[in-house]
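# Coordinate inspection notes
Residues per chain, in single letters:
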Amino acid sequence: AAPVSAAVAAAPPEGAMSNGVYVPPGAANGDVKPVVSTTPLVDFLMQLEDYTPTIPDAVTGYYLNRAGFEASDPRIIRLISLAAQKFISDIANDALQHCKMKGTASGSSRNKSKDKKYTLTMEDLTPALAEYGINVKKPHYFT
Amino acid sequence: RSGSKHASTPADNYYLARRRTLQVVVSSLLTEAGFESAEKAAVETLTEMLQSYISEIGRSAKSYCEHTARTQPTLSDIVVTLVEMGFNVETLPAYAKRSQRMVITAPPVTNQPVTPKALTAGQNKPHPPHIPGHFPEFPDPHTYIKTPTYREPVSDYQVLREKAASQRRDVERALTRFMAKTGETQSLFKDDVSTFPLIAARPFTVPYLTALLPSELEMQQMEETDSSEQDDQTDTENLPLHMSTDDSGPEKENTSVLQQNTSLSGSRNGEENVIDNPYLRPVKKPKIRRKK
């Protein structure tokens with residue numbers, strides 16, 4: 001308990017980090033491994049100055065404003081749009097894997113690769129989304 | 001939301017344009033992944049997911065920021081949000097550097113319609129203090145100022161009496177001229193017939209006959225009183241249509257006079273219901289006493 005309380009007492013006030021690295025005082029002893037806890041993506045944010053993600057800034061900003069998020073820095077908006085893009089493209093890649101697995105599972109064509117025309121269907125998307133915990137159910141027919 | 005086509009407001013258009021942009025983005029991402037085509041339902045699903053993902057990031061980042069008593073979200077808030085949503089932030093720089101990237105143009109922004117200088121009339125009303133400054137201005141005053149097109153009616157007694165008198169004179173004149181036009185006329189002047197037409201008098205052959213004979217009204221009145229005294233209906237000329245019960249004589253006369261005044265034409269049909277109201281009783285033609 002002693003090193004813990006000493007760490008709490010010695011915690012620097014907010015914004016008083018020297019080089020952005022907070023080292024707990026027990027690190028010098030060797031009983032607490034130092035964990036570099038800089039804010040990730042700080043450097044990446046600098047690289048976003050002249051980057052245009054696929055989603056326009058206006059569209060992302062519109063949806064963020066609807067949620068109550070007013071961004072002071074346009075790079076923040078680009079970061080969020082990039083994250084959303086990656087989210088969707090990860091799902092798309094998973095669906096592509098499913099599609100490919102269905103095609104070559106029976107071993108139809110071994111000499112040449114499966115034809116390059118992949119169509120995203122709900123049958124491929126549903127298991128891909130299920131891995132993320134999203135369950136979609138489509139009615140087979142419309143009454 | 002996406003299917004209705006009728007009467008979309010500018011806010012709806014705003015929303016729909018951005019949603020279409022998201023759909024285009026999703027399609028481009030799918031193309032990057034290697035798909036040639038996609039089901040519409042799948043694209044719609046992914047669009048909906050993308051929109052709600054962005055909204056959720058915004059809401060959650062704002063919540064984290066407010067949780068630490070700040071109002072401006074920072075990078076840390078977003079990182080924590082992404083971590084909470086199960087997103088691996090370390091792969092993000094690698095993703096940003098991928099080769100095939102597509103850029104979608106943003107939806108166009110329409111400016112507010114501004115009336116040109118030549119069409120403005122009058123001074124716009126300034127904003128009241130409770131309206132923020134970035135709201136649009138008030139429209140020109142001619143769009144909401146209304147002036148009544150009627151004048152107040154004249155209620156001066158003298159003017160009204162004069163008007164009433166002149167109206168009555170005009171009516172009388174018009175009526176007499178109408179009768180002169182449609183009937184026989186006599187003229188005061190020898191040559192000029194049409195200027196001052198007088199309604200021609202019809203002299204009777206026996207002028208004193210009207211003074212001796214009772215008028216139609218008096219005859220009806222007499223018959224009325226006669227029939228009320230008798231109970232039986234022996235009159236052949238005009239059937240008395242009503243059996244009075246226990247009225248006195250003068251009262252009968254008054255009622256009969258009233259009846260004659262109200263319905264001079266007289267209803268001569270035989271069947272009429274008994275009405276209690278004396279003013280609604282049908283007219284009874286008096287029986288002519290011949291024997292007395």
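Keep in mind the model is a prediction, meaning the values are calculated, not measured.

### What about helix α3 (residues 75-84) of chain B?
Every buried residue belonging to α3(B) is among Leu75(B), Asp77(B), Ile78(B), Val79(B), Thr81(B) and Leu82(B), and all of these are buried. After α3(B) finishes, the residue Gly86(B) shows a positive phi value of roughly 85°.

### Regarding the confidence of the model for chain A
Residues and elements named next belong to chain A. Here chain A averages 74 in pLDDT, while 62% of its residues score no lower than 70. When mean pLDDT is taken per element in chain A, helix α3 (residues 57-67) scores highest with 90 and helix α1 (residues 2-9) scores lowest with 44. Predicted confidence for residues 1-17 stays below pLDDT 50, and this span has 7 contacts to residues more than four positions away or in other chains.

### Some remarks on the nonpolar core
If you look at the biggest cluster of nonpolar residues, it comprises 57 residues, and the most contacted ones within it are Leu125(A), Leu46(B) and Leu50(B). Within the residue set of this core, elements represented by two or more residues are α2 (42-47), α3, α4 (74-104) and α5 (122-131) of chain A together with α1 (10-33), α2 (40-67), α3 and α4 (92-96) of chain B. With 14 residues, α4(A) is the largest single contributor of residues to this core. Not counting the four nearest positions on each side in its chain, Leu46(B) is found in contact with Ile88(A), Ile91(A), Leu120(A), Leu125(A), Val26(B) and Leu30(B).

### Description of a positive patch on the surface
On the surface, a cluster of positive charge is contributed by Arg169(B), Arg173(B), Arg177(B) and Lys181(B). In this structure, Lys181(B) sits in helix α5 (residues 157-182).

### Regarding the packing of aromatic side chains
Residues and elements named next belong to chain A. Within this structure, the stated rule accounts for 3 aromatic pairs over all chains. Plain terms: the ring middles of Tyr 62 and Tyr 63 are 5.1 Å apart, the flat faces sit at 70° to each other, and that makes the pair edge-to-face. Like Tyr 62, the residue Tyr 63 is buried in the burial classification. A centroid spacing of 6.1 Å and a plane angle of 85° characterise the contact between Phe 87 and Tyr 132, whose relative ring orientation is edge-to-face.

### Brief notes about the side chain of Lys86(A)
Note on placement: Lys86(A) falls in helix α4. Among the residues examined, Lys86(A) registers a relative accessible area of 10% and is labelled buried. Within the local environment of Lys86(A), its side chain forms a polar contact with the side chain of Thr91(B), the two groups lying 3.2 Å apart. Residues in contact with Lys86(A), not counting those within four places in the same chain, are Phe87(B), Thr91(B), Leu92(B) and Tyr95(B).

What counts and what doesn't
- Residues numbered from 1 in each chain as written.
- Chains lettered and ligands numbered in written order.
- Predicted model: local features only at pLDDT ≥ 70, side-chain atom pairs only at ≥ 80, totals over all residues.
- Heavy atoms only, no water.
- Buried < 20%, exposed > 50% of the residue type's maximum accessible area, 1.4 Å probe, protein only.
- Helix = DSSP H or I, 4+ residues; strand = E, 2+ residues; numbered from the N terminus.
- pLDDT = per-residue confidence, 0-100.
- Contact = heavy atoms within 4.5 Å.
- Core = buried A, V, L, I, M, F, W, Y, C linked by side-chain atoms within 4.5 Å.
- Patch = residues over 30% accessible without salt bridge, like charges linked within 9 Å, V, L, I, M, F, W, Y side chains within 5 Å.
- Areas by Shrake-Rupley, 256 points an atom, 1.4 Å probe, with all protein chains shown as cover.
- Salt bridge = Lys/Arg side-chain N within 4 Å of Asp/Glu carboxyl O.
- Lys, Arg positive; Asp, Glu negative; His and termini not counted.
- Charge placed at Lys NZ, Arg CZ, Asp CG, Glu CD.
- Phe/Tyr/Trp six-rings, centres within 6.5 Å; stacked < 30°, edge-to-face > 60°.
- Polar contact = N/O pair within 3.5 Å; in protein donor to acceptor, adjacent residues only side chain to side chain.

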